[in-house]
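Survey of secondary and tertiary structure
So you can see what is in the structure, the chains are spelled out below.
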Amino acid sequence: MSSSQVDRKWIWIGGIAVAIGLLILPFLFKNYRVFQFNLVLVYAVAILGLNILTGFNGQFSLGHGAFYAFGAYTAAILMSKYGVPYWATLPAAFVFCFAFGFLVGFPALRLAGHFLALATFALALAVPQLLKYKKIEGFTGGVQGIVLSKPEPPFSFSLFDQPLSPDRWLYFFTLFVSALMFLLAWNLLRGRVGRALVAIRDHPIAATAMGINLPVFKSLTFGTSAGFTGLAGALGAIVVAFVSPDSFTVQLSIFLLVGVVVGGLASIPGAIFGGIFIQYVPNIADSLSKSAPAAIYGVLLIALMYLLPSGVMGGLKQLWARARARSAG
Amino acid sequence: MEALLFQIFSGLANGIIYGSVALALVMIYQATHHINFAQGEMATFSTFIAWWLIQNGWPYWGAFFFTIAVSFAGGLLVQRIILKPIEKAPVMTNVIVFIGLLLIFNAFSGWFFDHTIKSFDSPFPKDSALTTKYFSAHQIGSAGVLVVVLLALFAFFRFTPIGLAMRAAAQNPDSARLVGIRVSWMLGLGWGLAAAIGAIAGMMVAPIVFLDPNMMAGILLYGFAAALLGGIDNPVGAVIGGFIVGVLENLLGAYVIGTELKLTVALVLIVATLTLKPAGLFGKKVVVRV
Amino acid sequence: MSRLLEVNKLCASYGATQVLFDVNFSLEAGHITAILGANGAGKTTTLRALCQVVKTSGSVVLDGTQIVGKSTEAVVRMGVAHVPDGRGTFTGLSVEENLRLGAYVRGNRAEMEQDMERMFTRFPILKQRRHQQAGTLSGGEQQMLAISRALMLRPKLLLLDEPSFGLAPLIVAEIFRIMRTINEEDGVSMLLVEQNASLALDLADHAYLLETGRVALSGPSEDIKNDESVRRAYLGY
């Protein structure tokens, strides 16, 4: 068999192994670990959203925590006040955050580089205070937030002696939704749309000259990005079963950015690495000292910009290219 | 009427602080054309250093000036060591590194000086000769310090060759090299100055809001708003912007939307300024003939 | 007449792309030398190499001192003033501030003021626009400002990159006339890069022709001007 056919065979085998692994994963671990996996997936989708805007389209956002928060609160309010089933809140969150992001996209058109970063940073800082605002307490639950209950699995099942708990059920739900979102993003970005986004990022004047309607495109991108991250927020609210203003501080926005940078700007699969990173590293760092997570993130961010500016995916691609070259040569 | 006056004067007093932070931001922007997101945390860390010196028996003004010197050196070193390698990198890389610095300085404050809230005494005690009906001694003293700093900076940039060189290096680094300016060092100088100004701002703020690692987060936002409002490349504009932001904050808080949404006010100010008048009220619009 | 500048086996690259290949040339003090050639021949790169703005190897000796390996700022301090293509003025600063910057590396305040007055005498329009933002000046005025700024260094060697670019013929003629005056009165040595070959040959004493990064031809400008076959083949007129 030729080498590419051998490659193909291994990719298929690997892919099927990974799929099977993913399906039995929740039954190999305790509920709490599964809960953490769920968060990894949620963050991955949130990071994917941010990456669409910042990585692919070059519009800097230090405020995506705001969209995450709005998505989360949308889901929480719909579920607790209006009895909407959990899965229905996801499209609602997407639409609402898409609209919000699209609107934000318009003033963002006038801003570039660090000014956009600044404006979105301000958004991130303002959100917790906004959520605590007494006048809308009836909706938001004020400082205490809103407590939700995790959805019960629709049927019972067990594998390896572990029952299908709410966390495990949510795992499959989250996995399904994440896979859908990644597929959606991949589809969107690999064709003309993706090329247009990158063209706008790298050569805005040329892009305009070629007929791309910059304002509309950039605002739509903002909206889409916000929609993804907002949907992730809704998913997060369901998984955690709780929302409160202090869960959505500027730190969240910074962590999402860290996730994008770690995974790799303009890389779709990189979002998964980003999600893993921002879920697990703070836990590890926290056990060292209260201040450690922030410092480690800071050092890592800087180190990444020096050594691996294209993130983990970039590094992997380089390794892969080198391995390929060696086997060919 | 009395209440209104009080709000205005109180706003002006706060404005002094916002103006100082804005000044530091404008300083870095003028020197490097970058916005330093880590400014607040660096200022907090400097203030902790001052606090520590005073705890260890140093007299206030001795600690004050020593902290300024240390902060200047620190800012210079940060630029030389961490930022120089990425001088030519795209904006995004720089912003990410600034965020990294923000996190590191915040962590250092907590690490070295722990998270308990500390009190920081003002050098202008309550019952000194400076107290007036509407302004405390500290407020007047801070205003005085700010004015001195402003004048010094103005003179520096306008009348000294190095000040001119710094402005040139920020605007056009390539041409600046061609006239023999060591551009890298100019950037370092800019950071040093900004760090020093930030330290002063921190030391003026701490007696009011008490000292803890997250002291400057909200103030930084107001500093941004003030700097943008005044014109990101105009030091005097920054200070005036500070006063405007301070007064607006108080007036809107007292009479319009309540005190709970102050940060949102800052946000709206920032966005409005950036979209409606990007050069700020006093910023210079650089005209380029194509 | 001593050799002011000796360039041997100069190679220069932008990243991985090599642009100059073993270029040799020299300048006599007090002379005007021209570097001619088509677009992309490497003329601008040569000037940039002399200022160490691009990666270079080989030997460049100015008045006995090796330049290769020094920083741009150090080269400037040695007395090399570069008027880059596109003028390179500080558009956000005033005319006067631009001139002051030209003398940045010199310490003597009084001499600097004197020199500024001389520039204003030579280019009266600059005196008129003394406090105006440099970006608001016309192309020709900015070129005058750029040259004046370079002269404020009291340079040993003045490098000029396409001073005629984008300017109306009348203005160009004026500027070239003034450059001839500067050379004759102050003895400033000049290295001139120009696409407009006839203009350059009228001004310069000596000329080098670059073709894709190599010296194809060299000689006194009179000879080149008068050699019809050379003119037709290389200079297009």
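Residues numbered from 1 in each chain as written. Chains lettered and ligands numbered in written order. Predicted model: local features only at pLDDT ≥ 70, side-chain atom pairs only at ≥ 80, totals over all residues.

1. Describing the overall build of chain C
Quick reminder of the rule: Every helix listed is a DSSP run of H or I at least four residues long, and every strand listed is a run of E at least two residues long, numbered separately from the N terminus. As defined in this context, the radius of gyration uses C-alpha atoms, and a globule is described by 2.2 Å times the residue total to the power 0.38. Residue burial is a threshold on neighbouring C-beta atoms within 10 Å of the residue's own C-beta, all placed from the backbone, with 20 or more meaning buried, 12 or fewer meaning exposed, and counts in between meaning partly exposed.
Secondary structure summary: chain C contains ten helices and ten strands in total. Computed over its C-alpha atoms, the radius of gyration of chain C comes to 17 Å, within 12% of the 18 Å expected for a compact globule of 237 residues. Taking the principal axes of its C-alpha atoms as reference, chain C extends roughly 50 × 40 × 35 Å. Each of the 237 residues in chain C was classed as buried or not, and the buried ones make up 45%.

2. Brief notes about the confidence of the model for chain A
The line we're drawing: pLDDT measures the predictor's confidence residue by residue and takes values from 0 up to 100.
Mean pLDDT over chain A stands at 84; residues scoring 70 or higher make up 96%. Put simply, strand 2 (residues 158-159) of chain A is where chain A has its lowest mean pLDDT, 74, and helix 3 (residues 64-82) of chain A is where it has its highest, 92.

3. Regarding the environment of Val19 of chain C
Residue and element names in this part refer to chain C. Going by this rule: Think of it this way: build a C-beta for each residue from its backbone, and any pair within 7 Å is a contact.
Along the chain, Val19 falls in strand 2 (residues 17-28). Overall, Val19 belongs to the buried group, with 21 C-beta atoms counted inside 10 Å. When neighbours within four sequence positions are excluded, Val19 is seen to be in contact with Ala12, Ser13, Tyr14, Gly42, Thr45 and Gly213.

4. Section: helix 6 (residues 161-171) of chain B
Turning to helix 6 of chain B, its buried residues number three or more, namely Leu164, Ala165, Met166, Arg167, Ala168, Ala169 and Ala170 of chain B. Buried residues in helix 6 of chain B make contact with helix 1 (2-32), helix 5 (137-159), helix 7 (173-178) and helix 8 (183-209) of chain B together with helix 3 (95-102) of chain C.

5. Description of the confidence of the model for chain C
Confidence in the prediction for chain C averages 88 pLDDT; 97% of positions are at 70 or higher. For this predicted complex, the interface confidence reaches an ipTM of 0.88, while the overall pTM sits at 0.79.

6. What about the interface of chain C and chain B?
Short version of the rule: In this count, Pro and Cys sit with the nonpolar residues alongside Ala, Val, Leu, Ile, Met, Phe, Trp and Tyr, while Asp, Glu, Lys and Arg are called charged and the others, Gly among them, polar.
In this complex, chain C contributes 21 residues to the contact, which on the side of chain B involves 19 residues. Mapped by element, the contributors of at least two residues to the side of chain C that touches chain B are helix 2 (72-77) and helix 3 of chain C. Of the residues contributing to the side of chain C that touches chain B, the split by class is eight nonpolar, nine polar and four charged.

7. Some thoughts on the interface of chain A and chain B
Listed per partner, the contact involves 36 residues of chain A and 36 residues of chain B. Within the residue set of the side of chain A that touches chain B, elements represented by two or more residues are helix 5 (113-131), helix 11 (250-263) and helix 13 (292-307) of chain A. Ranked by residue count, the leading element in the side of chain A that touches chain B is helix 5 of chain A, at 13 residues. The class makeup of the residues in the side of chain A that touches chain B is 26 nonpolar, six polar and four charged.

8. Structural notes on the environment of Val256 of chain B
All names here are of chain B. In this fold, Val256 is placed in helix 10 (residues 235-256). Assessed through the 10 C-beta atoms surrounding it within 10 Å, Val256 is described here as exposed. Each C-alpha atom, one on Val256 and one on Ala196, is 36 Å from the other, the two residues being 60 residues apart in sequence.

9. Let's talk about the pairing of strand 1 (residues 3-14) of chain C
Residues and elements named next belong to chain C. Which entries qualify depends on this criterion: Paired strands, in this sense, are two strands between which DSSP finds at least two bridges.
The pairing of strand 1 with strand 2 spans eight bridges and is antiparallel. By the bridge assignment, Leu10 is partnered in strand 2 with Val23. Connecting strand 1 to the antiparallel partner strand 2 that follows it, the hairpin turn spans two residues, and Gly15 within it adopts a positive phi of roughly 65 degrees. In the sheet, strand 1 pairs with strand 4 (residues 55-62) via seven bridges, with the strands oriented antiparallel. Note that in strand 4 the partner of Asn8 across the bridge is Ser59.

10. Notes on unusual backbone geometry
All names here are of chain C. Even without a glycine there, the phi angle at Asp22 is positive, about 50 degrees. Among the structural elements, Asp22 can be located in strand 2. With 13 C-beta atoms packed within 10 Å, Asp22 lands in the partly exposed category. Here Arg154, not a glycine, exhibits a phi torsion of approximately 50 degrees, which is positive. On the secondary structure map, Arg154 appears in the loop between helix 6 (139-151) and strand 7 (157-161). Under the C-beta neighbour-count criterion, Arg154 is labelled partly exposed, with 16 such atoms within 10 Å.

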